[in-house]
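A structural walkthrough
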Amino acid sequence: GLHQAWFRYGSRRWDIQAGRFLLSYGDERVLAQANWNQTARAWDGVRGRLRPLDGAQLDLFVTKYGEASATSDPRARPAWAQDDYLAGAYLTLDRDLARLADVELFALWDQRTTFDDEDAAAPPVRRRLSTLGARLDGAFGPATLVTEGVGQLGRRCELRGLDARQCRDGTSQD
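What you see is a predicted model; the values in this text were computed from it and never measured.

Moving on to the overall build of the protein. A tally of helices and strands in the protein yields one helix and nine strands. The secondary structure elements of the protein, listed N-terminal to C-terminal, are β-β-β-β-β-α-β-β-β-β. The buried share of the protein, reckoned over its 174 residues, is 31%. In the protein, the share of contacts with a sequence separation of at least 24, taken over all contacts with a separation of at least 6, comes to 49%. About 10900 Å² of surface is accessible on the protein, with carbon and sulfur atoms providing 55% of the total.

Before going further, it helps to spend a moment on the nonpolar core. The biggest cluster of nonpolar side chains holds ten residues, and these are Phe21, Leu23, Tyr25, Leu31, Trp43, Phe61, Leu86, Tyr90, Phe106 and Leu108. Those elements that provide at least two residues to this core are strand 5 (84-93) and strand 6 (102-114). When neighbours within four sequence positions are excluded, Leu108 is seen to be in contact with Val30, Leu31, Phe61, Leu86, Ala87, Gly88, Leu129, Ser130 and Thr131.

Basis of the calculations
- Residues numbered from 1 in each chain as written.
- Predicted model: local features only at pLDDT ≥ 70, side-chain atom pairs only at ≥ 80, totals over all residues.
- Heavy atoms only, no water.
- Helix = DSSP H or I, 4+ residues; strand = E, 2+ residues; numbered from the N terminus.
- Buried < 20%, exposed > 50% of the residue type's maximum accessible area, 1.4 Å probe, protein only.
- Contact = heavy atoms within 4.5 Å.
- Areas by Shrake-Rupley, 256 points an atom, 1.4 Å probe, with all protein chains shown as cover.
- Core = buried A, V, L, I, M, F, W, Y, C linked by side-chain atoms within 4.5 Å.

None of this, on its own, says anything about what the molecule does.
Structure (structure tokens):
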């Protein structure tokens, strides 16, 4: 298959990219290409990049990373609601701008739908995860400090009926 193919349009201060591209940030602990795998990870989607100041960059993206399973019900509407999506914002400030260290702040939203391959009668399950994190990378005299923290919240609910939009707070299980 095709690993990367994308179109980018913009200027020095902003650009927009659409197609299949890599998402790689920080030390690649949270978002990475997965080069250790035989096929590195690529994402289908749209990414906007803003560079309001020298040393500052904000990426906003929405990607699809998984198609609906072959066991999903083809009558389900909307069909796209059974796919797997990742959206996020990633802010990077270099140490010249942040004064002390490279600073990275990020927020991610992940939605995935899973199906029970052993029980075809079981309803699909939608999982929604929200992730907030930060990464600092700086030199303080002879010492170097790299730290990264991530917090995650999520919910899970069974999709009842053929309308995937029925996953509402009233049917969720934390």
